[in-house]
Amino acid sequence: MKNSWKLKDILLIAICAVLFGVVYLGVTYAGAAVGAALTPFGMTSMGYEPFYGIYFMAAAFAAYVIRKPGAGIIAEILAAIIETMMGNFFGPKIILSGFVQGLGIELIFMLTRYKKWDYKTMCISAVICSVMTMIYNLFVSGYIKIAVPVLLLMLAVRLVSAVLIDGLLVKFLGDGLAKAGVLKGYAVAGGMQQNLDD
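Since this is a predicted model, take the numbers as computed values, not measurements. (Residues numbered from 1 in each chain as written. Predicted model: local features only at pLDDT ≥ 70, side-chain atom pairs only at ≥ 80, totals over all residues. Heavy atoms only, no water.)

**What about helix H6 (residues 119-140)?**
What counts, and what does not: Each helix is a run of H or I in the DSSP string that is no shorter than four residues. Each strand is a run of E no shorter than two, and both are numbered from the N terminus. By this rule the span expected of a helix is its residue count minus one, scaled by 1.5 Å. Between buried and exposed lies partly exposed: a residue is buried under 20% and exposed over 50% of the maximum accessible area for its type, with that area taken using a 1.4 Å probe on protein chains only. Only heavy atoms matter for contacts: two residues are in contact if any of them lie within 4.5 Å across the pair.
Between its first and last C-alpha, H6 extends 31 Å over 22 residues, near the 32 Å set by a 1.5 Å rise per residue. Along H6, the positions that sit buried rather than exposed are Thr121, Met122, Cys123, Ser125, Ala126, Cys129, Ser130, Thr133, Met134, Tyr136, Asn137 and Leu138. Packed against the buried residues of H6 are helix H2 (52-55), helix H3 (57-66), helix H5 (93-111) and helix H7 (148-179). Where H6 terminates, the next one or two residues include glycine 142, which has phi positive at roughly 80°.

**Digging into the nonpolar core**
What counts, and what does not: The definition of a nonpolar core used throughout is a set of buried Ala, Val, Leu, Ile, Met, Phe, Trp, Tyr and Cys residues joined through side-chain atoms within 4.5 Å.
Phe20, Phe109 and Tyr143 are the most contacted members of the largest nonpolar core, which totals 48 residues. Elements represented by at least two residues in this core include exactly helix H1 (7-38), H2, H3, helix H4 (71-85), H5, H6, H7 and helix H8 (187-197). At 10 residues, the largest contribution of residues to this core is made by H3. With sequence-adjacent residues up to four places away left out, tyrosine 143 is seen in contact with Ser45, Glu49, Tyr52, Met134, Asn137, Leu138, Leu151, Met154 and Arg158.

**Description of H4**
Working note: α-helix, 3.6 residues per turn, so residues spaced by three or four point in the same direction. Taking 1.5 Å as the rise per residue, H4 with 15 residues should run 21 Å; its terminal C-alpha atoms sit 21 Å apart, in good agreement. Within H4, the full set of buried residues consists of Ala71, Gly72, Ile73, Ala75, Glu76, Ala79, Ala80, Glu83 and Thr84. Where the residues of H4 are buried, they touch H1, H2, H3 and H5. Immediately beyond the C-terminal end of H4, within one or two residues, lies glycine 87, with a positive phi of roughly 110°.

**Concerning the pattern of salt bridges**
The criterion, for reference: Here, a salt bridge means any side-chain nitrogen of Lys or Arg that lies within 4 Å of a carboxyl oxygen of Asp or Glu.
This model, assessed by the stated rule, comprises 3 salt bridges. A salt bridge links lysine 68 to aspartate 9; its shortest N-O distance comes to 2.6 Å. Of the two residues, lysine 68 sits in the loop between H3 and H4 while aspartate 9 sits in helix H1, which places them 59 residues apart along the sequence. Per residue, the accessibility class of lysine 68 equals that of aspartate 9, and both read buried. Linking glutamate 49 and arginine 158 is a salt bridge whose minimum nitrogen-to-oxygen distance equals 2.7 Å. Pair noted here: glutamate 49 is in the loop between H1 and H2 and arginine 158 is in helix H7, with a separation of 109 residues, a long-range link. The class for glutamate 49 is buried, based on a relative accessible area of 0%.

This is the structure we're talking about:
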């Protein structure tokens, strides 16, 4: 069955979770440092925005490579759990953030029935995720108290970060690894072969 999970899919999810969980923790501290540097200018909340594309990578990469329902959501939640266990100072609430991020990335793939994986679709995925996470931040992270012009600037930076990293870089890396044979047997490799055959 096409959507049945295999051991290699589970292993890739686990690798993504561990790898990106570590990366996310580093990014969290980097964002805090940037926010502190921007505090004198009244832009503390802007500190994390350039990094948001990185925060979505576990979901984007897992979804793009495995191409099965739930891959992105599961990878993102597990990465958030690992980040929490390693000492993220936001605590367990980032696990819920992980769910929102994973769903945001995967939503467009659900709508296309996991059949479209071009750059346009990847970029739309990044945009949807950016908007969904911003809405989430409004109510859960207190962003609703931030002035509208600043919020719009934050969203713009988040969109650029997500499109560049999750819309473009993730697909580029996935395709490159597939061509190199690293992802042999995964759906991404099969999709590339199908494109060549077409």
